[in-house]
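Observations on chain architecture
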Amino acid sequence: MIKRCLAAFLLFCAVTTCSYADLSLRHNLHKAKAGDYIVTSQNRTNTLLMVTDRTDSLIRIQEISIAEGRFPAHIHSWREWLNQNAPGHTAWIVYDLDAHSGQLLQVFSYTQNCRLEGAAADSYLGTLLNLNLEAMNYRQRRRVGPSQDGGKDTRGLWQPRLVVEGQVVPGATFSAWKARWPNDGSELAGKTIELYLPEQEGNYPSYFPYWVQVSGVVGKARMRIVDSGTLPIPPPKK
C-alpha cells in the first residue's frame with residue numbers, strides 16, 4: 001500500500017506543484033506537457049509515468065510498470081521500450097485528471113481491460129489537493145558524509161541524481177520540501193513526507209519530484225527517479 005501511495009503522490013505532484021516561492025498542491029497544472037515522462041524506482045520495480053494528452057480541460061497520464069529483472073536485455077532505453085509496446089510490463093494504467101482542479105476523473109487498466117473504481121484513489125488525491133509543503137531549511141537538509149562532532153557542519157548538502165534520457169546531469173541541485181500527512185487513518189497518517197525538486201529548468205520536466213521519502217514507516221519507503229525527459233506520444237493502445 002505504501003508503494004502505491006508513493007506512486008500516486010509522485011504522479012499527482014508531477015502535475016500540481018507550483019512555484020518555489022509557495023509550494024502547494026492544486027496549482028500549475030498548465031506546466032504539464034504531452035510527452036513529459038519520468039521513470040521511478042522502488043522495491044525492484046520501475047514505473048514509467050508519462051503525460052500522453054494535455055488539453056485545456058484534461059490531463060492524461062499513463063503509468064507502465066515492470067520488474068527490474070523482466071526488462072528485456074536487448075532494449076537499451078525507455079524510448080525504445082515504449083516504442084515496442086513495453087514488453088514484459090506487469091501493469092499499464094491510464095489516469096484522466098481535470099486540468100483545472102486536479103480531480104481524478106477516470107482510471108482505466110489496459111492490463112485488466114477495464115475501468116477501475118476510483119473512489120479510494122479519489123479520496124487519497126483529495127487529501128493531496130490540500131497538502132501544503134514547507135521548504136526545508138539548510139539545517140534540516142541531509143548532508144554528504146559522516147556526521148561531525150561539534151563546531152560548524154561543513155558537509156555539503158545531499159542531492160539526488162538528475163538523469164535525462166539516460167545521462168546524468170552533473171552539478172544538478174535540488175530544493176527540499178516536507179509535509180505531514182493528516183491523521184486520516186491511512187498508512188500515511190501522521191507521517192512526514194520529503195520530496196526534492198530540481199532548482200534549474202532544462203530539457204526535462206523540472207516540476208517533477210526526483211526523490212520522495214516517507215519517514216516513520218517500517219522498511220524503505222523511498223522512491224527515486226532513474227530517468228526523465230520528453231518522449232514521442234505512443235499511439236493509442238489497442
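Residues numbered from 1 in each chain as written. Predicted model: local features only at pLDDT ≥ 70, side-chain atom pairs only at ≥ 80, totals over all residues. Heavy atoms only, no water.

**Description of the overall build of the protein**
A count of helical and extended segments in the protein gives three helices and 13 strands. With 238 residues in all, the protein has 48% of them scored as buried. In the protein, once contacts between residues fewer than 6 apart in sequence are set aside, the share between residues at least 24 apart is 52%. Within the structure as shown, the protein displays about 12,000 Å² of accessible surface, and the carbon and sulfur contribution to it stands at 49%. (Helix = DSSP H or I, 4+ residues; strand = E, 2+ residues; numbered from the N terminus. Buried < 20%, exposed > 50% of the residue type's maximum accessible area, 1.4 Å probe, protein only. Contact = heavy atoms within 4.5 Å. Areas by Shrake-Rupley, 256 points an atom, 1.4 Å probe, with all protein chains shown as cover.)

**Comments concerning the confidence of the model for the protein**
Taken as a whole, the protein shows an average pLDDT of 79; of its residues, 77% reach a score of 70 or greater. Averaged pLDDT values for the elements of the protein fall to 55 in helix α3 (residues 119-129) and rise to 92 in strand β8 (residues 163-164). (pLDDT = per-residue confidence, 0-100.)

**Observations concerning the pairing of strand β11 (residues 192-198)**
Counted residue by residue, β11 has seven buried out of seven residues, so it is predominantly covered. The side-chain alternation of β11 yields two buried faces, one formed by T192, E194, Y196 and P198 and the other by I193, L195 and L197. Two elements, strand β10 (residues 174-180) and β11, share seven bridges in a ladder whose sense is antiparallel. Within the sheet, the bridge partner assigned to F174 lies in β11 and is P198. (Pairing = 2+ DSSP bridges.)

**Here we look at the environment of F71**
Take F71: it is sitting in the loop between β3 (58-67) and α2 (78-83). A relative accessible area of 23% means that F71 is categorised as partly exposed. Taking the C-alpha atoms as reference points, F71 and A86, separated by 15 residues in sequence, lie 9.0 Å from one another.

**Thoughts on the side chain of D36**
For D36, the position within the fold is in strand β1 (residues 36-42). You can call D36 buried: its relative accessible area is 1%. Filtering out sequence-adjacent residues up to four positions away, D36 remains in contact with K31, L49, M50, V51, P205, Y207, F208, G229 and T230.

**Things to note about unusual backbone geometry**
Phi angles above zero are rare outside glycine, and A86 is one such case at about 50°. Looking at the secondary structure, you find A86 in the loop between α2 and β4 (91-98). Residue A86 is classed as buried on the basis of its relative accessible area, which comes to 0%. Even without glycine at this site, N113 takes up a positive phi of about 55°. Relative to the helices and strands, N113 resides in the loop between β5 (104-109) and β6 (114-116).

**Side note on the pairing of β4**
Counting buried residues along β4, seven of its eight residues qualify, which places the element largely inside the surrounding structure. Here β3 pairs with β4 via eight bridges, running antiparallel. Across the sheet, R60 pairs through a bridge with D96, a residue of β4. Looking at chain direction, β4 and β5 are connected through five bridges and run antiparallel. Note that in β5 the partner of L97 across the bridge is L104.

**Comments concerning the sheet that holds β3**
Spatially, β6-β5-β4-β3-β2-β1-β13-β12-β11-β10-β7 is the arrangement adopted by the 11 strands of the open sheet, whose pairing is antiparallel. One side of each edge strand has no neighbouring strand; the edge strands of this open sheet are β6 and β7 (134-135).

**Let's talk about the nonpolar core**
Inside soluble globular proteins, nonpolar side chains tend to come together where they are buried. One finds I59, L162, F174, Y196 and Y210 to be the most contacted residues of the largest nonpolar core, which totals 26 residues. Those elements that place two or more of their residues in this core are β2 (45-54), β3, β4, β5 and β10. Here the element with the most residues in this core is β4; it accounts for three residues. If near-sequence neighbours (up to four positions away) are discounted, F174 is found in contact with R141, Q159, P160, R161, L162, Y196, L197, P198, E199 and Y210. (Core = buried A, V, L, I, M, F, W, Y, C linked by side-chain atoms within 4.5 Å.)

**A closer look at the pattern of salt bridges**
Under the defined criterion, the tally for this structure stands at three salt bridges. We note a salt bridge from R60 to D96, for which the minimum N-O separation is 2.6 Å. Note that R60 is positioned in strand β3 and D96 in strand β4, a separation of 36 residues in sequence. Given a relative accessible area of 28%, R60 falls into the partly exposed group. The partner of E165 in a salt bridge is R79, and the shortest N-O contact between them spans 3.2 Å. Placement of E165 in the loop between β8 and β9 (167-168) and of R79 in helix α2 is noted, with a sequence separation of 86 residues between them. Owing to a relative accessible area of 36%, E165 belongs among the partly exposed residues under this scheme. (Salt bridge = Lys/Arg side-chain N within 4 Å of Asp/Glu carboxyl O.)

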